[in-house]
Amino acid sequence: MKALMISKDSLLQAEIATQGSARTPAVQLVASRKGLRDAVERQLPEAPELVLLDASDVCGDEAEMVDRLGKLYPAASFMLLTRDPQQDLLIRAMRAGMREVLQLPLAHRAFHEAIDRIEVAAGLSPVHEGKVLAFISCKGGSGATFLSTNFGYALAALADKKVLLIDLHGQFGDATLYVSDQKPAMTLSDICAQISRMDGAFLDSCLVHVASNFGVLAAADDPHRTVDMKPEHMDTILRVARQHYDFVVLDVGRHIDAVSLRALDQADAIYPVLQLALPDIRDGRRLLDILRSLGYPHERIRLIVNRYEKGGKLRLADLEQALGADVVHTVPNDYLSATDSVNQGVPVLQLSRSSLVARSLAELVELVAARRVAESRGLFDRIFGRNEGG
Ligand SMILES: Nc1ncnc2c1ncn2[C@@H]1O[C@H](COP(=O)(O)OP(=O)(O)OP(=O)(O)O)[C@@H](O)[C@H]1O
Ligand SMILES: [Mg+2]
């Protein structure tokens, strides 16, 4: 989308240029004007599709020019940016058809949401919105990394989805090693250090490619914290990721920090992983209390019980009661297959397709991604060749 920016503020212009160029399709600043008068007097030869007007220093006698600007580019969408909204100007802007008003300093998320709305209204882009699914272990070693990485692979392999896994461990992230023997050339902190380059192609170039439709972004490998990773970086990464992948799976470390918190905020579903044992339940309760205190709705939190063995003293119902949340899936204890897979760095579905744990992952894929497949004939049955009736 070609855009005209009207502002004296060169820093704001640079900020918008960066945010705009990170989008797909990009919002391209093709021209700029120092103020309303300048914009009205020097019409662009080719009308822009978007006009961004910084109204912070529009003075009273200039306000009427808002109408003229609107008439100058009747087909354009308008976005008004303002430090303190002036009533009179706002009314004029609304009358001139400017529907998007954003407060300065610019909140990147609000900016992108406004551009999304403009694009949809202009019929420019059918917005592709991938889903973000976060896996988080209630207790160390519950299996969040094993499940998130292998589930990501299964989702790509079985449901033919384009999947990205992001390892959000602040330190000692190891997700890549669970499914690959490649050494990551780039990590999450490298991306944050070059966030202005962020787009689909750049993101893809930073991944360890496990399959053509499954890539892993390795954890920040930066013990000295030389790169300042900010929550806003996460917004940018997830926004681009959603546009380019059907599913973005997060391996969230047990230590929740500002960056992983921002990722959790944006998750469509959160899967706390725990085992059916008292210490896990205790830690699970703490985690769920945190998630609830953050205001995440009940239905977004979906428990997974890993290494589940029927007939134990504790029952699933006890766990559900203790945690006040439903278990959506159980993964059986399958020591040999899991250990082989982890030791070799090969997804369990690839290594032992008919193992209990691989089957369980396929069921989870069906649950999450392939309801429609399930309606015709179970994905599970197709893959493992069970008979229609069996
Ligand atoms: N269903 C399973 N059956 C048997 N073993 C399993 C199963 N799931 C995971 N494991 C084993 O448990 C070990 C720990 O799992 P994993 O590293 O995924 O835990 P985690 O929750 O990510 O731990 P951390 O908190 O350290 O990040 C793995 O080495 C794996 O082999
Ligand atoms: Mg882990």
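Residues numbered from 1 in each chain as written. Chains lettered and ligands numbered in written order. Predicted model: local features only at pLDDT ≥ 70, side-chain atom pairs only at ≥ 80, totals over all residues. Heavy atoms only, no water.

Student: Any chance you could explain the side chain of Arg 239 here in plain terms?
Tutor: Along the chain, Arg 239 falls in helix H10 (residues 231-244). This buried residue, Arg 239, is left without a salt bridge; Asp 116 holds the nearest opposite charge, at 6.6 Å. Ignoring sequence-local partners within four residues, the contact set of Arg 239 consists of Gln 19, Ala 22, Arg 23 and His 112. (Helix = DSSP H or I, 4+ residues; strand = E, 2+ residues; numbered from the N terminus. Buried < 20%, exposed > 50% of the residue type's maximum accessible area, 1.4 Å probe, protein only. Lys, Arg positive; Asp, Glu negative; His and termini not counted. Salt bridge = Lys/Arg side-chain N within 4 Å of Asp/Glu carboxyl O. Contact = heavy atoms within 4.5 Å.)

Student: When you look at the domain arrangement of the protein chain in this model, what are you seeing that I'm missing?
Tutor: In many analyses, interface size is given as the accessible surface area lost on bringing the parts together. With domains assigned, the protein chain is organised as domain 1 (2-121) and domain 2 (131-384). Each of domain 1 and domain 2 was reduced to a C-alpha centroid, and the two centroids are 40 Å apart. Taken together, the contact between domain 1 and domain 2 spans seven residues of the former and nine residues of the latter. Interface of domain 1 and domain 2: buried area, both sides summed, is about 740 Å²; carbon and sulfur atoms make up 45% of it. When the buried area of domain 1 at its contact with domain 2 is split by residue, Ala 22, Thr 24 and Arg 109 rank highest and sum to 57% of it. The tally of links from domain 1 across to domain 2 stands at zero salt bridges. On the surface where domain 1 and domain 2 come into contact, there are one residue pair in polar contact (both at pLDDT 80 or more). Grouping the constituent residues of the side of domain 1 that touches domain 2 by class yields one nonpolar, four polar and two charged. (Domains from an automatic or database assignment. Buried area = accessible area lost by both parts, 1.4 Å probe. Polar contact = N/O pair within 3.5 Å; in protein donor to acceptor, adjacent residues only side chain to side chain. Nonpolar A, V, L, I, M, F, W, Y, C, P; charged D, E, K, R; others polar.)

Student: So what exactly am I meant to see when it comes to the environment of Leu 274 here?
Tutor: Inspection of the secondary structure puts Leu 274 in strand S11 (residues 269-275). On the basis of relative accessible area, Leu 274 is assigned to the buried category, the value being 0%. It is 9.2 Å that separates the C-alpha atoms of Leu 274 and Gly 140, two residues lying 134 residues apart in sequence. If we ignore the near neighbours within four places in the chain, the residues touching Leu 274 are Cys 138, Ser 142, Asp 280, Ile 281, Leu 303, Ile 304, Val 305, Asn 306, Leu 319 and Leu 323.

Student: So what exactly am I meant to see when it comes to the nonpolar core here?
Tutor: Membership of the largest hydrophobic core comes to 48 residues, with the highest contact counts inside it found for Leu 164, Ile 166, Leu 203, Leu 217, Val 248, Leu 250 and Leu 319. Among the elements that take part in this core, H10 stands out by supplying five residues, more than any other. Not counting residues within four places of it along the chain, the set of residues in contact with Leu 217 comprises Leu 164, Leu 165, Ile 166, Asp 167, Met 186, Thr 187, Leu 188, Ile 191, Leu 203, Cys 206 and Leu 207. Ranked by size, the runner-up nonpolar core spans 38 residues in total, among them Ala 159, Val 179, Val 210 and Ala 338. (Core = buried A, V, L, I, M, F, W, Y, C linked by side-chain atoms within 4.5 Å.)

Student: Explanation requested: the site of ligand 1 in the structure shown.
Tutor: Near ligand 1 lie 20 residues; those nearest to it are Gly 143, Thr 145, Phe 146, Tyr 178 and Asn 306. Separating an oxygen atom of ligand 1 from a backbone N or O atom of Phe 146 is a distance of 2.7 Å. Measuring from a nitrogen atom of ligand 1, one finds a side-chain N or O atom of Asn 333 at 3.4 Å. Burial of ligand 1 by the protein amounts to 81% of the accessible area it has alone, namely 640 Å². Comparing atom positions with the cavity grids shows ligand 1 to sit within the largest pocket. Mapped by element, the contributors of at least two residues to the shell around ligand 1 are helix H6 (144-159), strand S12 (303-308), strand S13 (327-332) and helix H14 (335-344). Grouping the amino acids of the shell around ligand 1 by side-chain chemistry returns eight nonpolar, nine polar and three charged. (Near = heavy atom within 4 Å. Areas by Shrake-Rupley, 256 points an atom, 1.4 Å probe, with all protein chains shown as cover. 1 Å grid on protein atoms, 1.4 Å probe; cavity = no way out; pocket = protein on both sides within 12 Å on 5 of 7 lines; lining within 4 Å. Sits in = over half its atoms within 2 Å of the grid points.)

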